[in-house]
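Coordinate inspection notes
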Amino acid sequence: MGEKPRCCILIVEDEAMIAMLVEDMVLDFGSEVVGPAAKMADAISLAQSATLDAAILDVNVSGSVIFPVAEILSKRGIPYIFATGYGSTGLPPRFQRHPTLPKPFTYQSLAEVLRDVLANQPCHTEAA
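Residues numbered from 1 in each chain as written. Predicted model: local features only at pLDDT ≥ 70, side-chain atom pairs only at ≥ 80, totals over all residues. Heavy atoms only, no water.

Spatially, the five strands line up as an open sheet ordered β2-β1-β3-β6-β7, and their pairing is parallel. Two strands close off the open sheet at either side, each with one partner strand: β2 (32-37) and β7 (100-102). For this sheet, the mean inter-axis angle between neighbouring strands, taken without regard to orientation, is 20 degrees. Pairing geometry for strand β6 (residues 80-84) and β7, over three bridges, is parallel. Note on β7: the bridge partner recorded for Phe82 is Thr100. Against the sheet, helix α2 (residues 40-49) contacts β1 (8-12) and β2, and its axis sits at roughly 145 degrees relative to β2. Helix α3 (residues 67-76) contacts β3 (54-58) and β6 of the sheet and is inclined by roughly 165 degrees relative to β6. (Pairing = 2+ DSSP bridges. Helix = DSSP H or I, 4+ residues; strand = E, 2+ residues; numbered from the N terminus. Axes fitted to C-alpha atoms, helices over the stretch in contact; angles between N-to-C directions. Contact = heavy atoms within 4.5 Å.)

Now the structure itself:
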């Protein structure tokens, strides 16, 4: 039987150093990176059309809130994780049930949340 394809994770982060760090963590986890998108227009485009298994969304992207991207992903049935320095209480009530990673986060905390959101996806979830 063939191996499962690697999970494709969209990263939306406007700070280059953080984006590179998160990208390295996702690759270390064993998944493919889509993006990273540093602008809302790019994030919306990828959320609408890219093949995705999950997404990690910075809540504030260059002064804009990420919620339009989250809504697109919700409509597509793609799970997502909010990355924020404000915690889940800083999110509108409709988004508070989604996983939230408090910034700064560690590889271990990212891996735990990725395992949870990818549990029902048909892709390989983690590097051996």
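Time to look at the packing of aromatic side chains. Applying the stated criterion to the full structure yields four aromatic pairs. On the basis of an interplanar angle of 80 degrees and a centroid distance of 6.0 Å, the ring pair of Phe67 and Phe82 is categorised as edge-to-face. Of this pair, Phe67 sits in helix α3 while Phe82 sits in strand β6, and the two are 15 residues apart along the sequence. In terms of burial, Phe67 and Phe82 fall into one category: buried. (Phe/Tyr/Trp six-rings, centres within 6.5 Å; stacked < 30°, edge-to-face > 60°. Buried < 20%, exposed > 50% of the residue type's maximum accessible area, 1.4 Å probe, protein only.)

The subject of this paragraph is the side chain of Asp58. With respect to the element layout, Asp58 can be found in strand β3. Accessibility expressed as a relative area gives 5% for Asp58, which makes it buried. At a separation of 3.0 Å, a polar atom in the side chain of Asp58 contacts the side chain of Lys103. Apart from residues no more than four positions distant in its own chain, Asp58 is found in contact with Val12, Glu13, Asp14, Ile66, Ala83 and Lys103. (Polar contact = N/O pair within 3.5 Å; in protein donor to acceptor, adjacent residues only side chain to side chain.)

Here we come to the pairing of β2. Direction of pairing for β1 relative to β2: parallel, over a ladder of four bridges. Considered in β2, the bridge of Ile9 is made with Val33. Assessed by its sense of winding, the connection that carries the chain from β1 through helix α1 (residues 16-29) to β2 is right-handed. (Right-handed = clockwise from strand over helix to strand, strands pointing away.)

Of all hydrophobic cores here, the largest spans 25 residues; its most connected members are Val12, Leu57, Ile66, Val69, Leu73, Tyr80 and Phe82. Looking at this core element by element, the count peaks at five residues for α3. Of all hydrophobic cores here, the second largest spans 20 residues; its members include Val26, Ala54, Ile81 and Cys123. (Core = buried A, V, L, I, M, F, W, Y, C linked by side-chain atoms within 4.5 Å.)

What follows deals with α3. An α-helical turn contains 3.6 residues, so any two residues separated by three or four positions project in the same direction. For α3, the full list of buried residues reads Phe67, Val69, Ala70, Ile72 and Leu73. Here the buried face of α3 lies against α2, β3, β5 (64-65) and β6.

Attention now moves to the state of the cysteines. By the definition in use, this model includes one disulfide. The disulfide that involves Cys7 links it to Cys123, with 1.9 Å between the sulfurs. Torsion about the S-S bond of the Cys7 and Cys123 cystine: about 90 degrees, corresponding to right-handed handedness. With Cys7 in the segment before β1 and Cys123 in the segment after α4 (107-118), this pair connects stretches of sequence that are 116 residues apart. Comparing Cys7 with Cys123 shows no difference in burial state: the two are buried. We note that Cys8 lacks a disulfide partner, and the nearest cysteine sulfur, in Cys123, lies 7.4 Å from it. (Disulfide = S-S within 2.5 Å.)

Distances and angles like these do not, on their own, reveal function.
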